[in-house]
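Here is what each chain is made of, one letter per residue.
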Amino acid sequence: MSEVLKQMAKDLYNGDDDAVAKLTQKALDEGITAEVVLKNGLLSGMDQVGVDFKAGDLFVPEVLIAARAMHAGMDILRPLLAEADVPSAGKVLIGTVEGDLHDIGKNLVGMMLEGGGFDIVDVGTDVPPEKFIEAIKEEQPNVVGMSALLTTTMQSMKQTLKALIEAGVRDDVKVMIGGAPVTRSFAEEIGADGYAPDAASAVELARSLV
Ligand code: B1M
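Residues numbered from 1 in each chain as written. Predicted model: local features only at pLDDT ≥ 70, side-chain atom pairs only at ≥ 80, totals over all residues. Heavy atoms only, no water.

Peer 1: I tried to follow the side chain of T24 on my own but got confused; where do I start?
Peer 2: Among the structural elements, T24 can be located in helix α2 (residues 17–29). By relative accessible area, which is 0% here, T24 ends up buried. (Helix = DSSP H or I, 4+ residues; strand = E, 2+ residues; numbered from the N terminus. Buried < 20%, exposed > 50% of the residue type's maximum accessible area, 1.4 Å probe, protein only.)

Peer 1: Honestly, the packing of helix α6 (residues 129–139) against helix α7 (residues 154–166) in this entry has me stumped. Any pointers?
Peer 2: Taken N-terminus to C-terminus, the directions of α6 and α7 make an angle of 45 degrees; their axes are 9 Å apart at the nearest point. Classified by the angle their axes make, α6 and α7 are oblique. Handedness of the α6/α7 crossing: right-handed. Facing α6, whose interface residues are P129, F132, I133 and I136, α7 presents T160, A163 and L164. The residue inventory of the contact of α6 with α7, partitioned by class, reads six nonpolar, one polar and no charged. (Axes fitted to C-alpha atoms, helices over the stretch in contact; angles between N-to-C directions. Parallel < 35°, antiparallel > 145°, perpendicular 65-115°, else oblique. Left-handed = near helix turned anticlockwise from the far one by under 90°. Contact = heavy atoms within 4.5 Å. Nonpolar A, V, L, I, M, F, W, Y, C, P; charged D, E, K, R; others polar.)

Peer 1: What exactly am I supposed to notice about the pattern of salt bridges here?
Peer 2: Two side chains that carry opposite charge are able to pair once their charged atoms sit near each other. As enumerated under the stated definition, the model contains eight salt bridges in all. As a salt-bridge pair, E30 and K26 come within 3.8 Å of each other at their nearest N and O atoms. We classify E30 as partly exposed; its relative accessible area is 48%. The shortest N-O distance in the salt bridge between E139 and K91 comes to 3.0 Å. With E139 in helix α6 and K91 in strand β1 (residues 90–97), this pair connects stretches of sequence that are 48 residues apart. What makes E139 partly exposed here is its relative accessible area of 25%. (Salt bridge = Lys/Arg side-chain N within 4 Å of Asp/Glu carboxyl O.)

Peer 1: I keep staring at unusual backbone geometry and nothing clicks. Help me out?
Peer 2: Most of the time, phi is negative for any residue but glycine, and the peptide bond is trans. Positive phi outside glycine occurs at D126, with the angle close to 50 degrees. Classification of D126 by relative accessible area gives partly exposed; the value is 36%. Non-glycine residue Q140 carries a positive phi angle of around 45 degrees. Note that Q140 resides in the loop between α6 and β3 (143–147).

This is how it looks when you write it as structure tokens:
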């Protein structure tokens, strides 16, 4: 792997946002594609953060600082990942479900969908079912995307789907879900229309749903 990407992963792990931003730009200037910078630089650093967080070697403040460094790199990559000269493929409303504050994966999925030609309405994190419903009525998206990173908040996906049915808007949209603990069988169990394990598959899935 390129030295610049290895160093970027280390700087992200250490939460050095200035260094991550500079190295992201340097990698692009060297001709490395935005997708490779994302996968082998930023995500590689964030994976290590996840492993050490789980092992108890890193704590929440350090993870937050690393997440900020990830954002510094993503700010530079976003327009490149979203660069696509195609007509709108449809509208996707995306949010992290109630009780869950994780937004890095959701943002990445949103960016990749944007790159795939979709219009994105991002309703943020910790989104209660009522807010999804209100936004569906206002924005009339083709697809609603829900993200969850905690096993506990996967239940909020189920509750949101139930609320969509009760509000009479379930048949107006397709629903796709994702996030580290989410599985295809869980998606089937709660009646979602699809599940994607990562941002690239999310684009393929959204295309198949519209
Ligand atoms: Co949290 N956290 N966290 N955390 N955190 C995890 C998720 C955890 C696995 C860490 C661990 O123990 N190893 C664990 C969850 C355990 C579980 O429930 N199974 C955990 C925990 C426990 C917690 C807290 C409870 C910790 C605490 O306070 N004691 C707390 C909960 C807060 C809350 O949400 N209420 C918490 C807090 C935080 C921070 C705030 C410190 C920070 C979030 C910052 C932010 O997002 N702005 C944080 C982080 C950064 C992580 C880890 C380290 C990294 C998550 C991440 O961003 N990954 C994470 C460990 C890990 O996953 N390695 C962890 C990178 C991202 C690109 O991947 O989000 O999986 P991911 O998204 C992927 C796919 O999942 C998929 O595509 C994305 C790109 O490929 N995908 C979709 C995601 N959404 C999709 C939607 C789709 C389709 C695909 O369709 C709509």
